Amino acid sequence: MMMAGVDEKPLMTTSPVFGASTISKQAFVFPTISNDFENPDFFLTSRPMAEELQEVIYYLSEFKASKIVTPFKGTSIALSKDKTRFFFGSREGRIGVAKIDTKETILEIDLKEGTIWTIALCDNDRTLFSGGCGGIIRRLSTSDMSEISRLIGHEDEVNVIFISNDEKKLFSASDDGQVIMWDITEMSPKPNVIIKHNSRIVGLDLSVDNKYIVSGSADATASVYDLIEQKEIIRISNESYREYWSVKITPKNTWLVLADGAGMLYLYKFGTWELSKSIKIHTRVVRAITATSDDKYIITGGYDNDIKLWELGSDNDPITFEGHTDFVKFLLLSDDSKIIYSMSDDCSIQMWKIPPCKNSSILSSQKIDPTKIYVGCQNRQSMYTFSNNKLGKFSFNNKFSLEYKDLTLTESVIGILNPIKDEFVFIEVKNIYHYNYFYKSSSLKTNDFSVTFINPLTCETIRSEIIALYQVCSAIISHDGKFLIIGEDHRCTIFFYDTLIKYHSFLSHKGEINRLALSLNGVYLFASDEQNIVKCLNIVNRTEVKGIKDIDAGSIKKMVVSRDNEFLIVLHTSGIANVWSIARMIKINTLNLEGVLDIIYVKNADYMFCLYETLIKAIHFPTFITSFEIVLRCKSVEFEFSNDFKEIYVLDEKGLMVWVNPLTADRFYTYGGLSPVNKFYQYLGKLAVSKEDIYDPAYNNCILEPFHINMMHLYAYLNKNSSLAQCIQDNCPFIISKSNYTALDICLQSNNEIGINILYSRIKQETIKNPMFLSVLQNSITRICKSLSEKAYKFLDLALSPSIDSTLGRYRHSNVPLPLFLYSSTLFCDKTIFSDLSIVSTEGETLQFFQTYFKLNMNPGANESLDLIKVLISTENETIFLSKFVKIVLEEKWKKIRSVLYIQALLYLLYLIVISCYSTFEGVFLLIFSFVLNVILILYELKQAISSGSDYFSDPWNYLDLIRLIFATLMFITDIIVGTVYSEFIIAIVLLVSWMRGIAYFRVIKATRYYINLIYEVILDIIPFLMIVLYSTLAFSFIFERVFRDPTKEPFSYFFYLSMSWELNLGSFSSDEYSTLMYFAFVLHAILNPILMLNLLISVMSNTFERVNSQVEVADSKELAKMILEAELVYAWNRDNIEKEYLYMIKGVEIEEIQDSTLAQVRNIKRKVADIGRNQSVMVENINKLTMNVNELKMCNSKNLEEQQRLLENQRNMESIVQEIFTNVKSRQVE
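Because the structure is predicted, anything quoted here is derived from the model rather than measured.

Caption draft 1: Summary view of the UniProt feature "transmembrane region" (unreviewed entry) in the protein. As recorded in UniProt, the feature "transmembrane region" (unreviewed entry) lies at residues 900–918, 924–942, 962–979, 1014–1040 and 1077–1098. Overall, residues 900–918 shows 100% helix and 0% strand. The separation of its end C-alpha atoms is 27 Å. The distance separating the terminal C-alpha atoms of residues 924–942 is 26 Å; by composition the span is 100% helix and 0% strand.

Caption draft 2: Examining the sheet that holds strand E41 (residues 502–506) more closely. Sheet architecture is open: 4 strands sit in the order E38-E39-E40-E41, paired in antiparallel fashion. Edge positions in the sheet fall to strand E38 (474–477) and E41, since each of these pairs with one other strand and no more. Looking at each pair of strands side by side, their axes are set apart by 15° on average, direction ignored. Pairing between strand E39 (residues 483–487) and strand E40 (residues 492–496): 5 bridges, direction antiparallel. For Phe-483, the partnering residue across the bridge sits in E40 and is Phe-496.

Caption draft 3: Layout of the side chain of Thr-142. Counting through the fold element by element, Thr-142 comes out in the loop between strand E8 (137–141) and strand E9 (147–151). The class of Thr-142 is buried, set by a relative accessible area of 10%. A polar contact is formed between the side chain of Thr-142 and the backbone oxygen of Asp-125, at a distance of 2.7 Å. Setting aside its immediate chain neighbours within four residues, Thr-142 contacts Phe-87, Leu-107, Leu-121, Asp-125, Arg-126, Thr-127 and Leu-128.

Caption draft 4: Structural view of the environment of Ala-98. By secondary structure assignment, the location of Ala-98 is in strand E4 (residues 94–99). You can call Ala-98 buried: its relative accessible area is 9%. Sequence separation between Ala-98 and Thr-84 is 14 residues; the distance between their C-alpha atoms is 8.6 Å. Setting aside residues no more than four positions away along its own chain, Ala-98 makes contact with Thr-84, Arg-85, Phe-86, Phe-88, Glu-104, Thr-105 and Ile-106.

Caption draft 5: Structural detail: the side chain of Ser-478. Inspection of the secondary structure assignment puts Ser-478 in the loop between E38 and E39. At 2.7 Å, the side chain of Ser-478 and the side chain of Asp-480 are in polar contact. Once residues within four sequence positions are removed from consideration, Ser-478 is found in contact with Phe-483 and Leu-518.

Caption draft 6: Quick peek at the pairing of E4. Strand direction decides the pairing type here: strand E3 (residues 85–90) and E4, joined by 5 bridges, are antiparallel. Directly across from Phe-87, in E4, lies its bridge partner Val-97. Joining the antiparallel neighbours E3 and E4 is a turn of 3 residues, in which Gly-93 adopts a positive phi near 85°. Bridge count between E4 and strand E5 (residues 105–110): 5 bridges; the pairing is antiparallel. Counterpart to Gly-96 in the pairing with E5 is Glu-108. A loop of 5 residues connects E4 with E5, the two strands running antiparallel in sequence, and Lys-103 in this loop sits at a positive phi of about 65°.

Caption draft 7: Quick peek at a nonpolar patch on the surface. Residues Ile-999, Phe-1002, Ile-1005, Ile-1015, Tyr-1016, Ile-1019, Leu-1020, Ile-1023 and Met-1027 make up a contiguous nonpolar surface patch of roughly 810 Å² in combined accessible area. Residue placement: Met-1027 occurs in helix H14 (residues 1006–1043). Among the residues examined, Met-1027 registers a relative accessible area of 56% and is labelled exposed.

What counts and how
Residues numbered from 1 in each chain as written. Predicted model: local features only at pLDDT ≥ 70, side-chain atom pairs only at ≥ 80, totals over all residues. Heavy atoms only, no water. UniProt positions renumbered as here; feature names shortened; annotations may be inferred. Helix = DSSP H or I, 4+ residues; strand = E, 2+ residues; numbered from the N terminus. Pairing = 2+ DSSP bridges. Axes fitted to C-alpha atoms, helices over the stretch in contact; angles between N-to-C directions. Buried < 20%, exposed > 50% of the residue type's maximum accessible area, 1.4 Å probe, protein only. Polar contact = N/O pair within 3.5 Å; in protein donor to acceptor, adjacent residues only side chain to side chain. Contact = heavy atoms within 4.5 Å. Patch = residues over 30% accessible without salt bridge, like charges linked within 9 Å, V, L, I, M, F, W, Y side chains within 5 Å. Areas by Shrake-Rupley, 256 points an atom, 1.4 Å probe, with all protein chains shown as cover. Salt bridge = Lys/Arg side-chain N within 4 Å of Asp/Glu carboxyl O.

Here it is, written out as structure tokens:
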């Protein structure tokens, strides 16, 4: 009963029984699947970088391949309700029970009837039914597999059994062509035949509601039986006369799925029995089918060793799961339809987590001639095409079939869709030729052209008007729908859209204007003509800004403008795209887009999408790197974005596809060359849990959305430094995630020094080729400053780089002090910001221009600004303060906020004057005035405490402020109410604390800031010394009390001797009346305290001075940062300010810099020469060593030869002696 080359018996699936689980190397465990990634709301919440990556890694770890290797070729499998045991039926005729956690077989029995084809559990897993080659259905006890009873009725092998939900009925199918229903509540039930076929029944399925049962037979028919009505509903025949191997009723009774031996799948509408689709899904027999609980997907397994996931009711290609090496025989699905469990003839059970929903789908399988797609305001519901005076609409309610309507337009027209109003504008095109035309001449005659507005839904004309034009060559509608812009012969005319009243005409070209583009802000219009002259026109000011010649790469195909209005991208027919700065109208880069069909710059991100025949590339601006790819199913001809930029519509040779825009995805999607997709997810799963470095370059251009991270992020987070280095070498894109972190940020936060070094090399290399690549550091500066990495200083040195703007003047004649720092909201700023430099052509002082290629938030009090300052204060990496970038940032911030501290310092100075005058002259006015100033200072401190929170108490100066405020208030109360009883002491305290606090304001002055830090460090360093001095002073006070006591006089108090000991430290003494013992104590004290201790104090202070002096720049910068933070906290209204600007620095070239540069080059040459010399010395030394080794070997060989000759000679001697002995013995025998 075996077919040649294949296993004859089909194995069917049962109802979903598996629960979800995690992967373990030790055991086959059921994972706890995170449902968060299935919920779009999960991605709406912003999370810290570490938490977000941890969520991703946890989710990906669930995709790791998991396998149980079985000792036999299993035929069927069942899972206990508590999900702790597997029950197996096998080809070898054995039934086994295995514990899942240990993978141990705990029970096994041979039923001695040949292959066991099917098993099923019931009675709370206490009873197991089996069927196989013996044709008998056995009822077994799962405790010991002892037989309870038999169900006899089939005349041949039993292939499939099912048990009803109430566990009262059992259904079985056999090679005898019968489906029998059994009442298993009876111990020996009688068979009840409900379906008969003319040949064996190899497929059987029971509907989830137990109302229907379907059978598939080798007689090429499938029967559907109604268990309620107890009658056959329909019998479906296979037109190709092939055996139905697998059958399935989807859980909601929506579809009937049949599959035959040739790998064909037939999908019928359940109830109407209409054949919806027939498709070849496997190359060989389809062995098993199951379906998800929502009826959206079916899963099939076949003899081609593959498992496929199909989306019902669509034309999408399936997801293929590859991994088995032999026939897939059995499939189970978890309760939540997230996990597939498969059994194969390769003696294994594998677990497959179903990947997230697909990021694309087929809208229409109707083949459409290449044409442009227009998308209206309702996105999918308003999609159109237009060609040959036919307007086509994709029918949303009819599987997006294209419905055409003829338009009554007599002339050739240019069609434009206004997405704001969802109406078409058709402009008449005439062949008109002008001769003897002079540029900007008013003699050119106009002609009447019709403009027709049509409703695309009804194809009715809304209105039609006549306008006077020279010629119609191109046309666009402004982004806000306000203007209709028409490119004519030699001029560009702008009309109000609603009235067609002329707004303005730009007569600035010498030929036909064939390409138009508009900046997103609606200010700049770009028009190109036949000579590739591109004019920048200011619509608001109605002026021509500048013209450029883009003539080095062929005719212009299309122009687009970046989202931030920084760049104009001019695409040529040759595939070359030149990138121009709009602010400066200079070419800054050239992109080779050979083979590109179309480009679109999206309005919601800094990406330009490029359509090729088989893929879409997304190029990030201004790094100009291809961040990710979307691999298309076949040759494509056109693409367009939805009006809200959430979807991408691709017209290809098979029809119309829709892709979820990766940049707006709200679910977990992956993009890139992922075929088969499960291999990619298994790779990610293995990467997430493996301790080894694993690397596959095939996935370098893949991206995970909506996190917008790629493999570089994952390698960095998992410390896979070898893989990180390899992917960088293979040009894996360096991208910024949706949460604004890069692989560099990950390495910085985890202190991965190796990863930081690898990424520094990559960033430096990219910066040399394109300085704008430094824009990737925009959100990393704070982490760089916080990092303890040795490369932090070098990263900051890259931040301020030479400007690539070649139009900036290089000389000046002015007295403006340099360096000069300026700010601009655009990457390439307007020349007007340099107006103070009086730039001239080739004379004057030589200038250098530097700039940041990322924006900085320099707004006082802004959260980003505060974060940076706090990091600079708290960082332990003091080398960053030596970088020019940090120094400039601090100085520029200081300029913005120093007025706050100046005012505060002046106010405090006034307070000191008033409180000092009150202490000397007293008076109620001075008391009240000092109290008013005190209240103002109290309010300021209160504001500081509220703004900084617990950080307020990290500054020691604030403690003095609190003490001063308390005692100053107490002084006012006691002097006004009580009088002067306690005021003297309180005033003294107030004066002491106030004058001590006043020292801090010397930090405002740069010249004295250093000394404040020196005083602070000296106080900290002197504390241990003072402890020893006080100890010795206290000891000598007790000695003096005994030595200097006069029994004849009244004794002094102990304080007298303590003060004597202290005064001796300061050199105050009188030894006239000292006795010998007194003098000895005095000398001993003088040696220890005034001489030894004070010299030690000088040494301590000298060391402190040297240390502070060596770190004067660091200390000065930290003090400056603390003052900046104190002042910025005042700007509470600015907290949410997110405006950023580019920083520009203009400085003169100093002779020292030239000399330093030359000396650096000379030193570099000397160093290289020295390195060469050292290498040569090492080589000579190695050669000498090799020579010596060779000589030693030669000597050893010669010695060995001599030894061998000696041994040979000895051997000959021994032979001769033996020969003599033998001769003598023989002669004696003869005698």
